[in-house]
Amino acid sequence: PMTLSEAAQEMLKDAEERGVAEGTLRYYRGALRKLWGGLGGDQMLEQITVADLVRYRSERLKPKTPPKLTPGSRRKTRPKVRQTSAVTVDKELATLKRLYLFAQKRGRFMGPIPVDQIEKAAKKRVESAYYTPAQIGKVLGCYAEMDTDIARALHDETTLLFATGW
């Protein structure tokens, strides 16, 4: 068994020894620092529950209240309310999952990974900018009806672009 902070230190040391890029290490350190502050670094990995992670996610997603203006302040307007993005919180939780997997590989954690049991905070975007196969079929049908060299060239180019995901 190991604590969150012990696992984090070992994971970072291992990543450094493996030559992980400095930017990635910097990200891990920041994410692990946030997790440590939100979950408690002295907490055993086995003791971190799904409820703890849901609470962590909720706290991280709350808007941060900016400081109030004080008399004599050089600032003329109040700073904007800052909010951590859902994508950032999801990445932090993905780092926590990586930490659990690291501990499992070393035989220091045996239970289920609580991160696997919560939904991501960020909603998936639905891409609607692409044509459906039926729409492409209609366009190709129009080119075929035209029966000109330009229409045949456009037909071939459209087919190629659609087939390659452009």
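Residues numbered from 1 in each chain as written. Predicted model: local features only at pLDDT ≥ 70, side-chain atom pairs only at ≥ 80, totals over all residues. Heavy atoms only, no water.

A. Focus on helix 4 (residues 86-105). Between its terminal C-alpha atoms helix 4 stretches 29 Å, which fits the 28 Å expected from 20 residues at 1.5 Å a residue. Listing the buried residues of helix 4 in full gives Val 89, Asp 90, Glu 92, Leu 93, Thr 95, Leu 96, Leu 99, Tyr 100, Phe 102 and Ala 103. Against the buried residues of helix 4 lie helix 1 (4-17), helix 2 (22-39) and helix 3 (50-61). Just past helix 4, the residue Gly 107 takes up positive phi, approximately 70°. (Helix = DSSP H or I, 4+ residues; strand = E, 2+ residues; numbered from the N terminus. Expected span 1.5 Å × (residues − 1). Buried < 20%, exposed > 50% of the residue type's maximum accessible area, 1.4 Å probe, protein only. Contact = heavy atoms within 4.5 Å.)

B. Highlighting the packing of helix 5 (residues 133-146) against helix 6 (residues 149-164). Direction vectors running N to C along helix 5 and helix 6 enclose 165°, while the axes themselves pass 8 Å from each other. On the basis of their axis angle, the class for helix 5 and helix 6 is roughly antiparallel. For helix 5 against helix 6, the interelement crossing comes out left-handed. Between helix 5 and helix 6, the contacting residues are Pro 133, Ile 136, Val 139, Leu 140, Tyr 143 and Met 146 on the first element and Ala 151, Leu 154, His 155, Thr 158, Thr 159 and Phe 162 on the second. Residue composition of the contact of helix 5 with helix 6, by class: nine nonpolar, three polar and no charged. (Axes fitted to C-alpha atoms, helices over the stretch in contact; angles between N-to-C directions. Parallel < 35°, antiparallel > 145°, perpendicular 65-115°, else oblique. Left-handed = near helix turned anticlockwise from the far one by under 90°. Nonpolar A, V, L, I, M, F, W, Y, C, P; charged D, E, K, R; others polar.)

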